[in-house]
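Topology and contacts: notes
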Amino acid sequence: MPRPDPLASLFPARPAALAVALFVAAGGLLAQAPAQAPGLNGDRAAGAATVDVKQCKEWLHTLAGPEFEGRGTGQPGFEKAANYVAAHFKALGLEARGQDGTYFQHVPWSTTKVVADKTFLKFRKGDADVLTIPAARLGGNAAATDAAGDVVLLCVDVPAMPPPGEGGRRMQMPTIEGLDGLDLKDKVVLVHIRQQDDAATRSPVATFAVRQALQGKEAAAIVLTQATTPSGGMVGRAGAGRGGRANPAAGGARRQPAQPTIGGDDLAAILAAAGMTVDGLAKAPTATPLPLRAQLSLATEEANAPAMNVFAVLPGSDPVKKDEYVVIGSHLDHLGRRGDAISPGADDDGSGTTGVLAVAQMFAKNKVRPARSVLFVCFSGEENGLIGSRFFADNCPIPLSSIVAELQMDMIGRDEEENMEGDKGELAENNRNTVHLVGTKKLAPALHDLCLAANKTAGFEIEYDQEGMFSRSDHANFAQKGVPVAFFFTGLHRDYHQTTDTPDKIHYEKLLRIATWVYDIGFELAMQPGRPEIEPELWGKFRGGGRNRAPEAPAAPLKQAAAGGK
Ligand SMILES: [Zn+2]
């Protein structure tokens, strides 16, 4: 039985909520009941009841567990996770529409592997060999390199990080002093970074700042040093393979020079050969030529690697409307294994993928099958630049014009708090019931209204101050095609993109409530007579006068001007 709300004109069949409202208004029995939001409509409540918090915990602990090793696209852990999601879809009896009858859309993906027996860093003093470091004791990023030169030790002081930029969003790069006028041309530069603040969480930015400062110095090679011996090997480039459309993110990775790292006993041995010690680095001058010559040989080979979007379909019950689709999405991948560090990505985006598993079960187990079809998809390569969803949108298994909306869940498992990117002063305890709704006002206001109407049941405090995140998840590739999107996001936090983003920190009750909200919105979109239309002026504005890739006409129908319209 339908629920009364502004959209009642759109979906006439919803009496139940009306009854509730009337009862409360009439001060009837329900008056005693706590101010409970009306329940889900009867046509969909049964499905929602098939998923509980315990189930969500099981799914997320598996997705973010050790076996899947942080689900790095192109890595074995990702492929295991993809099979896990496919098995879930199969168990629910959802249709497989992927390649060869599977639930997979394979994304061309290649990784660069280091050829160990041709990879080494050798140091010589005069005619004598001092040390040869094999591939197993090198860390950092690998790219084919052959370089040699006299060694210069560079001790760089990195000042404390400046506060985040305007709007608390962008991180500021520290300024590196003291390198101007240094002649490092054709030298092999050993870099020791001395940081002024909390190294643990900020070193990637410091390293990047030093790298930027050394650009243009035409060094033969730059070798970073660290206290311990690197383990886990060098990390090769991962990204869309030659088959896929070149992706700027992947292209950037391809161009990056080799960034080998050494440390531990190897660093001590090299310094000893130059009459120095590791402890002495704290007081060493910025640049010290060492009486050593080094040769860096890095050999790599390209290898195809597992990358697939995992998707399934619940066909609609209406003979006509079944050819229209509501898409429910998340990204399955995260940062994976990098060296010996594994980033579990419980919130990013283990929570969203748990949301997709939950919503899929709600739909599949609900007695009433909606009129339109529903497509559930977990994308790959999101962390590498939204690569999987771009491939999906560019090679869509269903007509883009048939997609009524894409509902994206990315990071729906935490309470927003201050983080490395900003959000100064935000405290988790103040955000237990807040969710960010992103992108719904950009193209089709009817979708926005629908989300708000369904929130009468869900009961969240919706925030709109994260539009800046619009281009940072997979829905962006659908919006680019002119598909209405809604992005559900609980906000950043201190564990974002850290190895500490673990399942024990997830707010499971909230995650399930968001998934149920998305289910309710998706059900409405799949049942309602009409579909959200794109406002022409909003589309024009979104296209930015054609400055971005968006096509002339959106894939979804444009709203016709009331007067003179059809
Ligand atoms: Zn994410």
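Each chain has its residues counted from 1, following the order in which its sequence is written. In keeping with the predicted nature of the model, local features appear solely for residues at pLDDT of at least 70, side-chain atom pairs appear and are counted solely at 80 or more, and the whole-chain, interface and lining totals rest on all residues. Excluded from the side-chain calculations are hydrogens and water; all other atoms, namely the structure's heavy atoms, are used.

Now for the packing of aromatic side chains. Paired rings are identified among Phe, Tyr and Trp, the last through its six-membered ring, by centres lying within 6.5 Å, and are further divided according to the angle between planes into stacked (under 30 degrees), edge-to-face (over 60) and tilted (the rest). On inspection of all chains with the given rule, the structure shows 16 aromatic pairs. An angle of 5° between the planes, with centres 5.6 Å apart, marks the rings of Phe363 and Phe523 as stacked. Taken together, the positions of Phe363 in helix H8 (residues 346-365) and Phe523 in helix H12 (residues 508-527) put the pair 160 residues apart, joining distant regions of the chain. Judged by relative accessible area, which is 1%, Phe363 ranks as buried. The rings of Phe89, Tyr103, Phe363, Phe376, Tyr519 and Phe523 are connected pair by pair, giving a single aromatic cluster. Only when the NZ of Lys or the CZ of Arg is both within 6 Å of the ring centre and within 35 degrees of the ring normal is a charge said to sit over the ring. Of note, Lys441 hangs over the ring of Tyr464, and the distance from its end group to the ring centre comes to 3.9 Å. Over the ring of Phe460 we find Arg513, and its NZ or CZ is 4.0 Å from the ring centre. Here a helix means four or more residues in a row that DSSP labels H or I, a strand means two or more in a row labelled E, and each is numbered from the N terminus. Burial classes follow relative accessibility: with a 1.4 Å probe on protein chains only, a residue under 20% of its type's maximum area counts as buried, one over 50% as exposed, and anything between as partly exposed.

Quick look at the coordination of the zinc ion now. Ideal geometry at a metal centre gives angles of 109.5 degrees when four donors are arranged tetrahedrally and 90 or 180 degrees when six donors are arranged octahedrally. The donor definition counts N, O and S atoms within 2.8 Å of each metal and applies 3.2 Å to Na, K and Ca; water is not among these atoms, so some sites may look incomplete. Here the zinc ion is held by the protein donor atoms His331 (NE2), Asp348 (OD), Asp410 (OD) and Asp410 (OD), which lie 1.9 to 2.5 Å from it. Along the chain, the residues donating to the zinc ion are arranged with the sequence spacing H-x16-D-x61-D. With His331 in strand S14 (residues 325-331) and Asp348 in helix H8, this pair connects stretches of sequence that are 17 residues apart.

Here we come to the pattern of salt bridges. What counts as a salt bridge is simple: a side-chain nitrogen of Lys or Arg found within 4 Å of a carboxyl oxygen of Asp or Glu. By the definition in use, this model includes 26 salt bridges. Arg531 is the partner of Glu324 in a salt bridge, and the nearest nitrogen-oxygen pair spans 3.5 Å. Taken together, the residues span a long stretch of sequence, with Glu324 in the loop between strand S13 (308-314) and S14 and Arg531 in the loop between H12 and helix H13 (536-543) at a distance of 207 residues. Measuring nitrogen to oxygen at the nearest pair gives 2.8 Å for the salt bridge that ties Glu467 to Lys442. Of this pair, Glu467 sits in the loop between strand S20 (461-463) and helix H11 (475-479) while Lys442 sits in the loop between strand S19 (434-438) and helix H10 (445-458), and the two are 25 residues apart along the sequence. Of the residues examined, Glu467 reaches a relative accessible area of 30% and is grouped as partly exposed. Look at Lys442 and you get partly exposed, because its relative accessible area is 25%. Each of Arg414, Glu417, Arg494, Asp495 and Lys505 takes part in a single network of salt bridges with overlapping partners.

All right, on to the pairing of strand S4 (residues 128-134) then. A pair of strands is considered paired only if DSSP assigns at least 2 bridges between the two. Pairing between strand S3 (residues 120-125) and S4: 6 bridges, direction antiparallel. In the sheet register, Phe120 faces S4, and the bridge partner there is Pro134.

What follows concerns the sheet that holds S13. One open sheet accounts for 8 strands, arranged S1-S13-S17-S14-S18-S21-S19-S20; its pairing is mixed. Strands at the two margins of the open sheet, each flanked by one partner only, are strand S1 (104-106) and S20. Each neighbouring strand pair of the sheet contributes to a mean axis angle of 25°, computed without reference to strand direction. Here 5 bridges tie S14 to strand S18 (residues 403-409), and the two strands are oriented parallel to one another. Residue pairing for S18: Ile328 is matched across the bridge by Leu407. Against the sheet, helix H4 (residues 76-91) contacts S1, S13 and strand S17 (373-379), and its axis sits at roughly 5° relative to S13. Contacts between residues were defined by any pair of non-hydrogen atoms, one from each residue, lying within 4.5 Å. The convention used is that axes are lines fitted to C-alpha atoms, helices contributing only their stretch in contact, and that angles between N-to-C directions extend from 0 to 180 degrees. Against the sheet, H12 contacts S14, S17, S18, S19, S20 and strand S21 (485-489), and its axis sits at roughly 180° relative to S18.

This part takes up the environment of Ala341. In this fold, Ala341 is placed in strand S16 (residues 341-343). When its relative accessible area of 32% is taken as the criterion, Ala341 is described as partly exposed. Sequence spacing of Ala341 and Glu69 is 272 residues, and the spatial spacing of their C-alpha atoms is 9.3 Å. The contacts of Ala341, once residues within four sequence positions are left out, are Gly336 and Thr499.

The next subject is the nonpolar core. Within the largest apolar cluster, 66 residues are counted, with the highest numbers of intra-cluster contacts made by Phe89, Val310, Ile328, Phe376, Leu407, Phe488 and Trp517. In terms of residue count, H12 provides more of this core than any other element does, 12 residues in total. Residues contacting Ile328, with those up to four places away along its chain left out, are Val356, Val359, Val374, Leu375, Phe376, Val377, Leu407, Met409 and Val518. The set of buried Ala, Val, Leu, Ile, Met, Phe, Trp, Tyr and Cys residues whose side-chain atoms join them within 4.5 Å is what this entry labels a nonpolar core.

Extensive coverage of helix H9 (residues 387-394) is indicated by the burial of 7 of its 8 residues. Within the span of H9, buried status applies to Ile387, Gly388, Ser389, Arg390, Phe391, Phe392 and Ala393.

Our focus in this paragraph is H4. Taking 1.5 Å per residue as the helical rise, H4 with its 16 residues ought to reach 22 Å, and the 23 Å between its terminal C-alpha atoms agrees with that figure. Taken residue by residue, H4 has Gly77, Phe78, Ala81, Ala82, Val85, Ala86, His88 and Phe89 as its buried positions. Considering only its buried residues, H4 is in contact with helix H3 (53-63), S1, S13, H8 and S17. One or two steps after H4, the chain reaches Gly93, where phi turns positive at roughly 75°. Helix span, as expected, comes to 1.5 Å for every residue beyond the first.

Once that is clear, we can look at the confidence of the model for the chain. Per residue, pLDDT measures the predictor's confidence, with a range of 0 to 100. For the chain, per-residue confidence averages 87 on the pLDDT scale, and 84% of positions sit at 70 or higher. Across residues 242-254, confidence stays below pLDDT 50; counting only partners more than four residues off in sequence or on other chains, it has 20 contacts.

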